[in-house]
Amino acid sequence: MAGGEDTAVAGDHPIATPLRLLHEVSQFSTAGFCGKFKKDCTDLARRVTLLAHLFDELKDSNTLLGSSSSSFNSCFSDLSVALQAAKQLLLVANELDPKIHSDVAVKKINFRFQCVTWKLEKALGNFPYDHFDISEEVQEQVELVRAQLRRATEKYGRPVKSNLLSRASSQPLDKEIDLLHSGNSGIGTLHIENIGNIDHEVRPKVGRVPRGSVRNRSYCSQIVQESERIGNSSKLSEVGDLEISGEDDSPFKSHEESKKSNCPVTPTEFICPISLELMRDPVIVAATGQTYERSYIQQWIDGGHTTCPKTQQQLHNLTLTPNYALKNLISDWCAKNNILQPTVFANGKIKKSDGSFRYVIGEIGAIEVLVRTLSSRFVEDCRAAVAEIRSLSKRSTDNRILIAEAGAIPVLVKLLTSEDRQIQENAVTAVLNLSIFDDNKRIIMLADAIPSIVQVLRAGSMEAKENAAATIFSLSLGDENKILIGASGAIPALIDLLLTGNTRGKKDAASALFNLCIYQGNKGRAVRAGIIPALLGMLTDSSSCMVDEPLTILSVLANHQEAKETIAKTSTIPVLIDLLRTGLSRSKENAAAILLSLCKRDSENLSCLCRLGAVIPLTELTKSGTERAKRKATSLLEHIRKSQQHSTRN
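Note that the coordinates shown come from a computational prediction; the quantities given were computed from them, not determined experimentally. (Residues numbered from 1 in each chain as written. Predicted model: local features only at pLDDT ≥ 70, side-chain atom pairs only at ≥ 80, totals over all residues. Heavy atoms only, no water.)

K.L.:
A description of the overall build of the protein chain should follow, citing residues and the corresponding values.
P.N.:
Scanning the protein chain for helices and strands turns up 34 helices and six strands. Counting over 650 residues, the protein chain shows a buried share of 49%. Residue pairs at least 24 apart in sequence account for 72% of intrachain contacts in the protein chain once pairs closer than 6 positions are excluded. (Helix = DSSP H or I, 4+ residues; strand = E, 2+ residues; numbered from the N terminus. Buried < 20%, exposed > 50% of the residue type's maximum accessible area, 1.4 Å probe, protein only. Contact = heavy atoms within 4.5 Å.)

This is the structure in structure tokens:
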């Protein structure tokens, strides 16, 4: 134990009592534990022992020696009470024999472990580290202990009321040793009826919020801005690349302990070649096809490197494409093996792209207040809260992470069907903003948001419809989501917006439809919903400023047989040939690509091209078009030539 050689301090020193208790717990740990609660005792003793470095620095702190404020004394008193409770629990639990003692006694000990771990975590959380000369490394160790204590508290049962835990953890254990040996079911003033109810989850009440508490957006902004100011003043740098992925997953474990644990071997393909950690947001480098964790490869590129870290190939193309297939495999593997998937938010702090941490305790608290207010019975309070959530979700990725962590997404999805237009508009826009962060897309889909978004598309205000379409576009970036959204009835609603919306709404609808139609199964749905006439109408409308969008969608649909037949019936080919003559370079390129898809192995469409005089503009395109346009036009002319030769021979 760090500091074990010199634990003697003056009796009136503030840390004298907690340091003595820490030393005693350490001695228990050295002696070893046995019985039913061997693992629980070992884990608790180890976590307490890890605090030795904190006490070493507190012992040498000049600030501590010169302070006598009641707040300081209170912090050390709380810590002493928690450590005393831990010591007594270790004594009782180590002596308990389940063959002799009743199930009631075992239940009491389980509940006591929950109480003590909660009390320790609370005492460490309230400790004024900023007032002492505590190093960042030691603060990181304390954060690790707190994280393990939180998970341990949850392991012993679902969350219970904090006042119940507080009362239980303050009960003396001196008399309980005798009570356990006698089989008595009493446990101080905490009755067994209460212990039996610890599995009942008690959620915070979200009824009436005090009037004026979230009455306007400026009030909420002040909370978050103040939280940001406080959070930014206490940044800590990451120590190494510490990842907390399990209750006992501590860097302080011995090699033998690690060997004993049955942790599954992480598949090599799930590991980032740069960080050597399980990937959270895998991306493919377009130039080499290699996959890395996004933050690490982006950091590599931003550092001026021009080669692939793994293959050393030159990175002529710096595009990073999300590897959704691998991301889903990692998620499934983590769920199957009961492993906490890596996240950018953990233990009250956010991991930034440069590897450092930013503490966000104050911000998450303010956001949780807003999320609770979303369920208020008072429309004005709800309206103010959802407007503030919308505003916060627009500002930064960190806010999008925190809002999702606070449980806002399922509540926002419910508000999508609100009869209040303002609430509905702000809710769908907030969901749109949150969906920008990839991890939130899955949460939104799991919240069954699509039917409600489609309802907004059909009956919402124009602004709500626009943002609903943009949300579908954002969510449809994932291949799995394309299938689910296509089957939800979103395509007809998007086509309706394409026909009746304003310019922005049409652009949002076109973007969403393009994404959905990439999936082969959605092409038939789009054709049957009337997308071809809608796109043709946009191409022939002289007042329309949208040409590239409908052409891009047609280029995706043109290789689908049902779409090809509909395009031929609706006289789209003459419009495309006209664009070859008069369109801009991008329009000519897309028109040539669509015509090539339509005419491959289709002699009737090839004959139509010849009759309508497509050969001349195609020949001009082979000379003056873009590189892609030249290729498409050349290929199309070759098909026409072969078709004519075949006709001549016959």
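That was the structure; now back to the text.
K.L.:
Before we move on, can you summarise the pattern of salt bridges with the specific residues and values?
P.N.:
For the structure shown, the criterion picks out 19 salt bridges. The salt bridge partner of Asp438 is Lys441, with a shortest N-O separation of 3.1 Å. Taken together, the residues Asp438 and Lys441, both in helix α20 (residues 438-446) and three residues apart, mark about one turn of the helix. Assigned by exposure class, Asp438 and Lys441 land together as buried. For Lys507, the salt bridge identified is with Glu549, shortest N-O distance 2.9 Å. With Lys507 in helix α25 (residues 503-517) and Glu549 in helix α28 (residues 548-557), this residue pair connects regions lying 42 residues apart in the sequence. Each of Glu121, Glu143, Arg146 and Arg150 takes part in a single network of salt bridges with overlapping partners. (Salt bridge = Lys/Arg side-chain N within 4 Å of Asp/Glu carboxyl O.)

K.L.:
Explain the sheet that holds strand β1 (residues 282-285) to me, using residue names and the numbers behind them.
P.N.:
Strands sit in the order β2-β1-β3 across an open sheet of three strands; the sheet is antiparallel. Each edge of the open sheet carries a strand with a single partner, namely β2 (291-293) and β3 (320-322). Strand-to-strand twist of the sheet, defined as the mean angle between neighbouring strand axes without regard to direction, takes the value 45°. For β1 and β2, the ladder comprises three bridges, and the chain directions are antiparallel. Of the residues in β2, the one forming a bridge with Pro282 is Glu293. (Pairing = 2+ DSSP bridges. Axes fitted to C-alpha atoms, helices over the stretch in contact; angles between N-to-C directions.)

K.L.:
Now, about the pairing of β1: what can you tell me, with residues and values included?
P.N.:
Hairpin geometry of β1 and β2 is characterised by an intervening segment of five residues between the two adjacent antiparallel strands and by a positive phi of about 80° at Gly289. Here β1 pairs with β3 via three bridges, running antiparallel. Counted as the bridge partner of Val283 is Pro322 from β3.

K.L.:
Lay out helix α18 (residues 408-415) with the relevant residues and their values.
P.N.:
Burial of α18 is extensive: six of the eight residues sit out of reach of the surface. Regarding α18, the residues found buried are Ala408, Ile409, Val411, Leu412, Val413 and Leu415.

K.L.:
Which residues make up the packing of aromatic side chains, and what are the values?
P.N.:
Considering all chains together, one arrives at two aromatic pairs under this definition. Ring centres of Phe37 and Phe113 lie 5.8 Å apart, and the angle between their planes is 25°; this geometry places the pair in the stacked category. Within this pair, whereas Phe37 is found in the loop between α1 (16-31) and α2 (38-49), its partner Phe113 is found in helix α6 (residues 103-125), the two being separated by 76 residues in sequence. Between the aromatic rings of Phe270 and Trp333, the centroid separation amounts to 5.9 Å while the plane-to-plane angle is 70°, which identifies the pairing as edge-to-face. Of this pair, Phe270 sits in the loop between α12 (255-260) and β1 while Trp333 is found in helix α14 (residues 324-336), placing the two residues 63 residues apart along the sequence. A relative accessible area of 6% means that Phe270 is categorised as buried. Among the residues examined, Trp333 registers a relative accessible area of 14% and is labelled buried. (Phe/Tyr/Trp six-rings, centres within 6.5 Å; stacked < 30°, edge-to-face > 60°.)

K.L.:
Residue-level account of the environment of Leu434, with values.
P.N.:
Checked against the element boundaries, Leu434 lands in helix α19 (residues 421-435). With 40 residues separating them in the primary sequence, Leu434 and Ser474 have C-alpha atoms 9.9 Å apart. Among residues more than four places away in sequence, those in contact with Leu434 are Ser393, Arg400, Ile403, Ile409, Leu412 and Asn440.

K.L.:
Outline the packing of α19 against helix α22 (residues 462-475), listing residues and values.
P.N.:
Following both chains from N to C, one finds α19 and α22 inclined at 20°, their axes separated by 9 Å at the closest point. By the angle class used here, α19 and α22 are roughly parallel. Crossing hand, α19 versus α22: left-handed. Contact residues: α19 offers Gln424, Glu425, Val428, Thr429, Val431, Leu432 and Ser435, while α22 offers Glu463, Ala464, Asn467, Ala468, Ala470, Thr471, Ser474 and Leu475. In the contact of α19 with α22, the residues fall into seven nonpolar, six polar and two charged. (Parallel < 35°, antiparallel > 145°, perpendicular 65-115°, else oblique. Left-handed = near helix turned anticlockwise from the far one by under 90°. Nonpolar A, V, L, I, M, F, W, Y, C, P; charged D, E, K, R; others polar.)

K.L.:
So what's going on with helix α17 (residues 397-405)? Which residues, and what values?
P.N.:
Most of α17 sits out of view: seven of its nine residues are buried. Along α17, the residues classified as buried are Asp398, Asn399, Arg400, Ile401, Leu402, Ile403 and Ala404. After α17 finishes, the residue Gly407 shows a positive phi value of roughly 80°.

K.L.:
How would you sum up the environment of Leu415? Please name residues and give values.
P.N.:
Looking at the secondary structure, you find Leu415 in helix α18. Along the sequence, Leu415 and Ala427 sit 12 residues apart, while their C-alpha atoms lie 6.2 Å from each other.

K.L.:
For the side chain of Ser80, give the residues involved together with the corresponding values.
P.N.:
Relative to the elements of secondary structure, Ser80 occurs in helix α5 (residues 70-95). Those residues in contact with Ser80 that sit more than four places away from it in its chain are Thr17, Pro18 and Leu21.

K.L.:
Give me unusual backbone geometry: which residues, what numbers.
P.N.:
Located in the positive-phi region is Gln312, a residue other than glycine, with phi close to 65°. With respect to the helices and strands, the residue Gln312 is situated in the loop between α13 (294-302) and β3. We note that Ser571 has phi near 55°; this positive angle belongs to a residue other than glycine. Judged by its relative accessible area of 44%, Ser571 falls in the partly exposed class.

K.L.:
Which residues make up the nonpolar core, and what values go with them?
P.N.:
By size, the foremost hydrophobic cluster in this structure holds 98 residues, and its most contacted members are Leu412, Ile472, Leu494, Ile531 and Leu609. Apart from residues lying up to four places away in sequence, Leu494 is in contact with Leu457, Ala469, Ile472, Ala509, Ala512, Leu513 and Leu516. In terms of nonpolar packing, the next biggest core, distinct from the first, is built from 44 residues, Leu21, Ala82, Val92 and Val116 among them. (Core = buried A, V, L, I, M, F, W, Y, C linked by side-chain atoms within 4.5 Å.)

K.L.:
Go over the packing of helix α27 (residues 531-540) against helix α30 (residues 572-582), please, and point to the residues and values.
P.N.:
Remark: α27 packs on α30, axes separated minimally by 11 Å, with the N-to-C direction vectors making an angle of 35°. The crossing of α27 and α30 is left-handed. Contact residues: Ile532, Leu536, Leu539 and Thr540 in α27; Thr572, Val575 and Leu579 in α30. Considering only residue class, the contact of α27 with α30 consists of five nonpolar, two polar and no charged.

K.L.:
Kindly report on the state of the cysteines, identifying the contributing residues and their values.
P.N.:
Per the counting criterion, the structure on display carries zero disulfides. Distance from the sulfur of Cys608, which forms no disulfide, to the nearest cysteine sulfur (Cys599) is 7.8 Å. What makes Cys608 buried here is its relative accessible area of 17%. (Disulfide = S-S within 2.5 Å.)

K.L.:
I'd like to hear about the environment of Ser435, residue by residue, with values.
P.N.:
Within the secondary structure, Ser435 is located in helix α19. The class of Ser435 is buried, set by a relative accessible area of 0%. Note: C-alpha distance between Ser435 and Phe473 (38 residues apart in sequence) is 9.9 Å. Those residues in contact with Ser435 that lie beyond four places of it in its chain are Lys441, Ile444, Ser474 and Leu475.

By themselves, these are just geometric observations and shouldn't be taken as functional.
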